[in-house]
Amino acid sequence: MSELNNYLDIAPEVAAALAAGKPVVALESTIISHGMPYPQNVETALEVERVIRENGATPATIAVIGGRCKAGLSAEEIEYLGSRGMEITKASRRDLPVIIARGGDGATTVTTTMMIAQMAGIKVFATGGIGGVHRGAETTMDISADLEELAQTPVMVICAGAKSILDIGLTLEYLETKGVPVIGYGTDELPAFYTRSSGFGVDARADSPEELAAIFKAQRALGCKGGMLVGNPIPEEYSMPADVINAAIDQAVREAAEQGVHGKLVTPFLLARVKELTGGDSLDSNIQLVYNNARLAAKTAAAIG
Ligand code: PSU
Ligand code: MN
């Protein structure tokens, strides 16, 4: 147990489920504070929790509130994070010490959600999209801390792939170098979030929660230190036309470069701009793919046992 556990609060329901060996699924909070507008963000966060319960697991939404790492939030805490929105600091690995020392609040990214999930003993985490190697990273060196976290923290992250705001090919190369298994769920490709296909192959395909569980268990049995990434394609009926979404992404990437956006602001800038350019359609797709990942995560957590 790391010393950071002195700063960890596990919600009673989550602690009871973990103690009884019942399935628990972690959820991130950047998607709540920064990923969607209020009040849809709060509605979605509560609905994802309901979907997880409906599929036999206990949800643990993760955030930092008042300098405490929280595994499992109340509805009031979710409302607080959602209504404050962008006022809540986006907390990646390097931000955690500052936020905790100051007793502040933080919306956890994939990175910090994995860290806190692991501290709490949670093995499976459902989200929308992950950070990765940005387009142009060969000059900007903009590579998300999410990839390093996947390399070092033993949590299974179930996502809808990576948005093409990133260089998906380079993201996969990086994960290969770092020894992170990248599994397509029912597909041989990494999905591209809004669309089911990116054109880039994964290293293996799995077709059931049991298969995902077996791979995760083998990774533990081998003593591998990192996690694994599962790409679960958006359901067909909610996927977006590739030309519409790619035009919006290309424009957003161009504007970010023109305006000199850098550091932790890059991803939020791109995501917000893509959303503005595509209107409500992309928000609806985004919400539905999160539910889809929550369902698979609940079943996979149960299969891990
Ligand atoms: N990509 C998405 N949706 C998201 C994010 C990324 O398609 O919500 C968020 C996640 O919280 C992710 C973070 O962990 O952005 C990555 O930020 P950065 O690229 O600054 O590491
Ligand atoms: Mn970055």
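Data block above holds the structure.
Summary of the structure given here.

Attention now goes to the overall build of the protein chain. Scanning the protein chain from N- to C-terminus turns up 13 helices and 11 strands. By the compact-globule yardstick of 19 Å for 305 residues, the protein chain fits well, its C-alpha radius of gyration being 18 Å. Dimensions of the protein chain along its principal axes, counting C-alpha atoms only, are 50 × 40 × 35 Å. Evaluated residue by residue, the protein chain yields a buried proportion of 56% over its 305 residues. Residue pairs at least 24 apart in sequence account for 74% of intrachain contacts in the protein chain once pairs closer than 6 positions are excluded. Accessible surface, the protein chain as shown: approximately 12,600 Å² in total, 53% of it carbon and sulfur. Taking the average location of the 25 positive side-chain charges in the protein chain and that of its 37 negative ones, the two points are 5 Å from each other.

Given a rise of 1.5 Å per residue, 13 residues ought to cover 18 Å, and the 18 Å separating the end C-alpha atoms of helix 10 (residues 209-221) matches this to within 8%. What helix 10 keeps buried is the set Pro209, Leu212, Ala213, Phe216 and Gln219. Projected onto a plane normal to the axis of helix 10, the buried residues spread over an arc of 120 degrees and lie on a single side. Relative to its buried face, helix 10 has exposed residues pointing more than 90 degrees away, namely Glu210 and Ala221. Those residues of helix 10 that are buried are in contact with strand 8 (156-159), strand 9 (182-185), strand 10 (204-206), strand 11 (228-231) and helix 13 (280-304). In the stretch just after helix 10, Gly223 is the one whose phi turns positive, near 80 degrees.

Across all of its chains, the model carries 16 salt bridges by this definition. Lys70 is the salt-bridge partner of Asp9, the closest N and O atoms lying 3.2 Å from each other. Placement of Asp9 in strand 1 (residues 8-10) and of Lys70 in strand 4 (residues 68-71) is noted, with a sequence separation of 61 residues between them. Each of Asp9, Arg68, Lys70 and Glu77 takes part in salt bridges that share partners, so that together they form one network.

In this section: unusual backbone geometry. In the segment running from Tyr38 into Pro39, the intervening peptide bond is cis, with an omega of 5 degrees. Relative to the assigned elements, Pro39 resides in the loop between helix 2 (30-33) and helix 3 (40-54). Its identity is not glycine, yet Phe193 carries a phi of approximately 70 degrees, on the positive side. Tracing the backbone through its elements, the reader meets Phe193 in the loop between strand 9 and strand 10.

Now for the pairing of strand 8. Consecutive residues of a regular strand have side chains that alternate between opposite faces of the sheet. Burial along strand 8 is two-sided: Met156 and Ile158 and Val157 and Cys159, pointing in opposite directions, are all buried. Two elements, strand 7 (residues 124-126) and strand 8, share three bridges in a ladder whose sense is parallel. When the sheet's bridge partners are listed, Phe125 is paired in strand 8 with Val157. Note that strand 8 and strand 11 share four bridges and pair parallel. Residue Cys159 lies in a different strand from strand 11, and its bridge partner there is Gly231.

This part takes up the site of ligand 1. The environment of ligand 1 is formed by 14 residues, the closest being Lys90, Ser144, Asp146, Lys163 and Thr267. Taking Lys90, its side chain carries an N or O atom lying 2.6 Å from an oxygen atom of ligand 1. Thr267 is positioned such that a nitrogen or oxygen atom in its side chain is 2.6 Å from an oxygen atom of ligand 1. Burial of ligand 1 by the protein chains amounts to 92% of its free accessible area of 470 Å². For the shell around ligand 1, the residue count by class is four nonpolar, six polar and four charged.

Basis of the calculations
Residues numbered from 1 in each chain as written. Chains lettered and ligands numbered in written order. Predicted model: local features only at pLDDT ≥ 70, side-chain atom pairs only at ≥ 80, totals over all residues. Heavy atoms only, no water. Helix = DSSP H or I, 4+ residues; strand = E, 2+ residues; numbered from the N terminus. Rg over C-alpha atoms; globule rule 2.2 N^0.38 Å. Buried < 20%, exposed > 50% of the residue type's maximum accessible area, 1.4 Å probe, protein only. Contact = heavy atoms within 4.5 Å. Areas by Shrake-Rupley, 256 points an atom, 1.4 Å probe, with all protein chains shown as cover. Lys, Arg positive; Asp, Glu negative; His and termini not counted. Charge placed at Lys NZ, Arg CZ, Asp CG, Glu CD. Expected span 1.5 Å × (residues − 1). Arc of directions from axis to C-beta. Salt bridge = Lys/Arg side-chain N within 4 Å of Asp/Glu carboxyl O. Pairing = 2+ DSSP bridges. Near = heavy atom within 4 Å. Polar contact = N/O pair within 3.5 Å; in protein donor to acceptor, adjacent residues only side chain to side chain. Nonpolar A, V, L, I, M, F, W, Y, C, P; charged D, E, K, R; others polar.

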